[in-house]
Protein chains: 2
Amino acid sequence: MDPNALPVAVDAMGGDNAPSEIIKGAELALEAGIPVLLVGQPDALTGISDIPTKFASEVIGMGEDPASAVRKKKDSSLVRSAEAVRDGHAIAMVSAGNTGATMASALLKIGRIRGVSRPAIATPIPVLGRTKPNILLDSGANAECNPEWLVQFAEMGAVYARDRFSTSKPKIGLLSIGEEPGKGSSLAKEAFKLLSDQDWQKRCSGEFVGNVEGRDLMNPDIDVIVTDGFTGNVALKTLEGTAKSIVSSLLDAFSSTPEAAEGAKLLAPALLPLYERLDPESVGGAILLGIKGVAIVSHGSSGPKAIFNAISIAHELSTDKHVQHLEEVIRR
Amino acid sequence: MDPNALPVAVDAMGGDNAPSEIIKGAELALEAGIPVLLVGQPDALTGISDIPTKFASEVIGMGEDPASAVRKKKDSSLVRSAEAVRDGHAIAMVSAGNTGATMASALLKIGRIRGVSRPAIATPIPVLGRTKPNILLDSGANAECNPEWLVQFAEMGAVYARDRFSTSKPKIGLLSIGEEPGKGSSLAKEAFKLLSDQDWQKRCSGEFVGNVEGRDLMNPDIDVIVTDGFTGNVALKTLEGTAKSIVSSLLDAFSSTPEAAEGAKLLAPALLPLYERLDPESVGGAILLGIKGVAIVSHGSSGPKAIFNAISIAHELSTDKHVQHLEEVIRR
């Protein structure tokens, strides 16, 4: 490990399993040679000697209003993590806590890339039978959008698909309610026109494939799905809720009779890949695109593996100059 | 069967399996004592002697633009089905065809209930482990809505939940991106305020339970989910697509190895109820609420069972005076 390499700041207090599981994830990263800075309350970080720590006296809860929490809790682990990036003490930040508050502190402390109208949350969507997920953005940062922002989301999504998943010419779809260009809300119709322009597609090496529908979120023929943060968040949570509902019904069925249990045992090896693909732990965290630094939001239910993944991705994107690539594509 | 009872008009030409499977569904209804009127092209209806028929020379395709198709194809099976209701030759209509065109012909020929601003499509959403589905509206008729319309959707959804599923005090949620009242788009925030009013809740015997999220579509603690037609359609198709993706991956896994196939055989009895619950055939069709007559849109992939279900529901709602109940609740 390069002794001078900057660490990834990890919010030790964010998520359902904080701080213990988050710290375990940070330890996994350390073992893999990725430098980490743990940010959290002194009590939570006592006894940690192998990982550098930074104390913060406050914690922003999952249910708190992002903007006001970030304003009020200046000494929170989230705000301090963002400041570590701003001040050059960390190259990236990771949190499994309040997504909105992570966005707010990153925006306030690290700031946005010049030319970016609104940063967006880009969430990986599992594609069954394919390793590479699709990318959905905005999945919740901006409840209301104008058509120009959606074009910028498309640009940023394309750069992210290239840097993170090595997709050379990402296929970008606009989420709407019918495949024909004339379908959808006025926002979708207007965005369709702007997205059909060749100029931005050339700039980010992306390809606009037209309208896609809710059923295409897991479609392997698409790479990036663009929408406003309201629709994106509803779609993301519908997908997660449906998968969870079905998986939980399956598990119930598996233990419902001795025959079923015997059958489930025989099926287990064949079902494991599907189960893993649907597991939020393995899909990886969402990224805040448009921020002048790498900020990853891991799922609230993250365990050590998910945190380790998020730290690895944050580290990789930072060293691969992802933010610089975004800056090159965004029209000033 | 009452020889004077009015039939349900069935569009024999609508859906992926038209006309043969649609006709089979109509025959099932006839066997169950429900009078049917089959509407379709002469060729498709030759040789049918047990069911009354009405000829229409044209067919509106699944991909056609609803408004212009209904305007141009005056002698289409869909338009003629709606006219049969308008002219008192049928008590209700059923189609597995183009949803938008069904809405357009019903709206144009049968008309809307006095006081209804915009009819909405109400779609049943399977709730795993419960027989009664949730109701999602608007699931696609109105891409853009104002907050007042959403209150009317809530009223109509409550009446429908009572008439169709015997839910005495339906719980109504507003689809948004956070449970707190202040969350969401300006449409959602404004609608939240109007929905919090006690007056409409009393009128329709519904109960507003606040914001719900995408993950709540299958939540057994809710009965009716209200949203605009853009968000509703994206959510519906995301749910359908996710379920289809998972089920198809499961079926692949079941036949992947001899052991898996053996396990699947043992599991089959335990999995069957889940499979059936997720099957669009068993969930039943969507209804167009706000039309001055019962109009049911069955899933495009409908087979005889789904068509039979749709006809039964249409017949039951008509004889139970569902439209009259809506008229009593809608404020003029």
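Only a predicted model underlies this, so the values are computations on that prediction, with no experimental measurement involved.

Looking only at helices and strands, chain A has 13 helices and 11 strands in total. For chain A, the C-alpha radius of gyration of 20 Å lies close to 20 Å, the compact-globule estimate for 332 residues. Residues classed as buried in chain A amount to 59% of the 332 residues present. Across chain A, contacts joining residues at least 24 apart in sequence account for 69% of those joining residues at least 6 apart.

Here helix α7 (residues 186-195) of chain B has its buried residues at L187(B), A188(B), A191(B), F192(B) and L195(B). Along the axis of α7(B), the buried positions cluster into a sector of 135°, meaning they face one direction only.

As a further point, take the interface of chain A and chain B. Contacts between the two partners involve 51 residues from chain A and, on the opposite side, 51 residues from chain B. For the pair chain A and chain B, the summed buried surface comes to about 4100 Å²; carbon and sulfur atoms form 73% of the total. Contact with chain B buries area across many residues of chain A, yet I177(A), F230(A) and I246(A) alone supply 16% of it, more than any other trio. Our count for the chain A to chain B interface comes out at 2 salt bridges. E213(A) is paired through a salt bridge with K237(B); the nearest N and O atoms lie 2.4 Å apart. Counting the contacts that link chain A with chain B gives 6 residue pairs in polar contact (both at pLDDT 80 or more). Breaking the side of chain A that touches chain B down by element, the ones donating at least two residues are α7 (186-195), α9 (229-254) and α10 (258-278) of chain A.

Moving on to the state of the cysteines. Where two cysteines share a covalent bond between their sulfur atoms, that bond is called a disulfide. Residues and elements named next belong to chain A. Applying the stated criterion to the full structure yields 0 disulfides over all chains. The thiol of C204 is not disulfide-bonded; the next cysteine sulfur, from C145, is found 18 Å away. By relative accessible area, which is 0% here, C204 ends up buried.

Turning to the confidence of the model for chain A, a few remarks are in order. Of the residues in chain A, 98% reach a pLDDT of 70 or more, and the chain-wide mean stands at 94. This prediction of the complex comes with two scores: 0.94 for pTM and 0.93 for ipTM.

Turning to the relation of the copies chain A and chain B, a few remarks are in order. Each copy superposes on the other: chain A lies on chain B with an RMSD of 0.0 Å after a rotation of 180° and an axial shift of 0.0 Å. One copy is carried onto the other by what is essentially a two-fold rotation axis. Among all residues of chain A, the minimum C-alpha distance to the rotation axis is found for G263(A), at 1.8 Å. Of the interface residues in chain A, 100% have counterparts in chain B that sit at the interface too, so the contact is made through matching surfaces.

Turning our eyes to something else, we now look at helix α13 (residues 322-329) of chain A. All names here are of chain A. Taken residue by residue, α13 has H322, V323, L326 and V329 as its buried positions. Buried residues along α13 cover an arc of 125° about the axis, so they all sit on one side. Lining the buried residues of α13 we find α6 (147-165), α8 (198-204), β10 (286-289), β11 (294-297) and α12 (304-319).

All right, on to the pairing of strand β2 (residues 36-40) of chain A then. Residue and element names in this part refer to chain A. Counting buried positions over the 5 residues of β2 gives 5, a clear majority of the element. Every second residue of β2 is oriented toward a common face, with V36, L38 and G40 on one face and L37 and V39 on the other, all of them buried. Note: strand β1 (residues 8-11) against β2, 4 bridges, orientation parallel. Within the sheet, the bridge partner assigned to V10 lies in β2 and is L38. Since β1 and β2 lie parallel, the crossover through helix α1 (residues 20-31) that links them has a hand, and here it is right-handed. Two elements, β2 and strand β3 (residues 53-55), share 3 bridges in a ladder whose sense is parallel. The residue of β3 that forms the bridge with L38 is T53.

Let us now look at the packing of helix α1 (residues 20-31) of chain B against helix α12 (residues 304-319) of chain B. Residues and elements named next belong to chain B. The contact between α1 and α12 brings their axes to 7 Å, and the two run at 50°. In this view, α1 runs oblique relative to α12, as classed from their interaxial angle. Every pair of crossing elements has a handedness; the one defined by α1 and α12 is right-handed. Across the interface between the two elements, E21, I22, K24, G25, A26, L28 and A29 from α1 touch P304, K305, I307, F308 and I311 from α12.

Generally speaking, nonpolar side chains in soluble globular proteins are found buried as a group. I311(A) and I311(B) are the most contacted members of the largest nonpolar core, which totals 182 residues. Ignoring anything within four residues of it in the chain, the contact list for I311(A) reads V8(A), V10(A), G25(A), A26(A), A29(A), I34(A), V36(A) and V94(A).

Moving on, we come to the domain arrangement of chain A. Residues and elements named next belong to chain A. Split by domain assignment, chain A resolves into domain 1 (1-116 + 290-332) and domain 2 (117-283). Averaged C-alpha coordinates put domain 1 and domain 2 at centres separated by 24 Å. At the junction of the two partners, domain 1 supplies 23 residues and domain 2 supplies 21 residues. Carbon and sulfur atoms make up 60% of the surface buried where domain 1 meets domain 2, a total of about 2000 Å² over both sides. The interface formed by domain 1 and domain 2 holds 0 salt bridges in total. Linking domain 1 to domain 2 there are 7 residue pairs in polar contact (both at pLDDT 80 or more).

This next bit is on the pattern of salt bridges. Two side chains bearing opposite charge may form a pair once their charged atoms approach each other closely. Counted by the stated rule, this structure contains 24 salt bridges over all chains. Residue R86(A) pairs with D87(A) through a salt bridge whose shortest N-O separation is 2.8 Å. Exposure remark for D87(A): the relative accessible area of 39% places this residue in the partly exposed category. As a salt-bridge pair, E83(B) and R80(B) come within 2.7 Å of each other at their nearest N and O atoms. Residue E83(B) and its partner R80(B) are both found in helix α4 (residues 77-86); the two are separated by 3 residues, about one turn of the helix. A cluster of three or more residues bridged by salt bridges with shared partners is formed by D75(A), R80(A), E83(A) and K109(A).

Residue and element names in this part refer to chain A. A two-sided burial pattern is seen for strand β6 (residues 134-137), the buried positions comprising N134 and L136 on one face and I135 and L137 on the other. Note: strand β5 (residues 120-125) against β6, 3 bridges, orientation antiparallel. Across the sheet, the residue bridging to P124 is I135, located in β6. Strand direction decides the pairing type here: β6 and strand β9 (residues 224-226), joined by 3 bridges, are parallel.

Residues and elements named next belong to chain B. In the structure shown here, the tally under the stated rule is 4 aromatic pairs over all chains. Residues F192 and F208 carry aromatic rings whose centres are separated by 5.3 Å and whose planes lie at 70° to one another, so their mutual orientation is edge-to-face. Here F192 is found in helix α7, whereas its partner F208 is found in strand β8 (residues 207-212), with 16 residues between them in sequence. Overall, the relative accessible area of 13% leaves F192 in the buried class. Given the relative accessible area of 12%, F208 is considered buried.

Moving on: the sheet that holds β3(A). Residue and element names in this part refer to chain A. A sheet is described by the order of its strands in space; here 11 strands give the open sequence β3-β2-β1-β4-β11-β10-β5-β6-β9-β7-β8, paired in mixed fashion. Each having just a single partner strand, β3 and β8 (207-212) make up the two edges of the open sheet. Averaged over all pairs of adjacent strands, the angle between strand axes in this sheet comes to 25°, irrespective of strand direction. Note: strand β4 (residues 92-95) against β11, 4 bridges, orientation parallel. Considered in β11, the bridge of M93 is made with A295. Sitting on the sheet, α12 is in contact with β1, β2, β4, β10 and β11, with an inclination near 160° to β11.

Cut-offs applied
- Residues numbered from 1 in each chain as written.
- Chains lettered and ligands numbered in written order.
- Predicted model: local features only at pLDDT ≥ 70, side-chain atom pairs only at ≥ 80, totals over all residues.
- Heavy atoms only, no water.
- Helix = DSSP H or I, 4+ residues; strand = E, 2+ residues; numbered from the N terminus.
- Rg over C-alpha atoms; globule rule 2.2 N^0.38 Å.
- Buried < 20%, exposed > 50% of the residue type's maximum accessible area, 1.4 Å probe, protein only.
- Contact = heavy atoms within 4.5 Å.
- Arc of directions from axis to C-beta.
- Buried area = accessible area lost by both parts, 1.4 Å probe.
- Salt bridge = Lys/Arg side-chain N within 4 Å of Asp/Glu carboxyl O.
- Polar contact = N/O pair within 3.5 Å; in protein donor to acceptor, adjacent residues only side chain to side chain.
- Disulfide = S-S within 2.5 Å.
- pLDDT = per-residue confidence, 0-100.
- Least-squares fit on C-alpha atoms with pLDDT ≥ 70 in both.
- Pairing = 2+ DSSP bridges.
- Right-handed = clockwise from strand over helix to strand, strands pointing away.
- Axes fitted to C-alpha atoms, helices over the stretch in contact; angles between N-to-C directions.
- Parallel < 35°, antiparallel > 145°, perpendicular 65-115°, else oblique.
- Left-handed = near helix turned anticlockwise from the far one by under 90°.
- Core = buried A, V, L, I, M, F, W, Y, C linked by side-chain atoms within 4.5 Å.
- Domains from an automatic or database assignment.
- Phe/Tyr/Trp six-rings, centres within 6.5 Å; stacked < 30°, edge-to-face > 60°.

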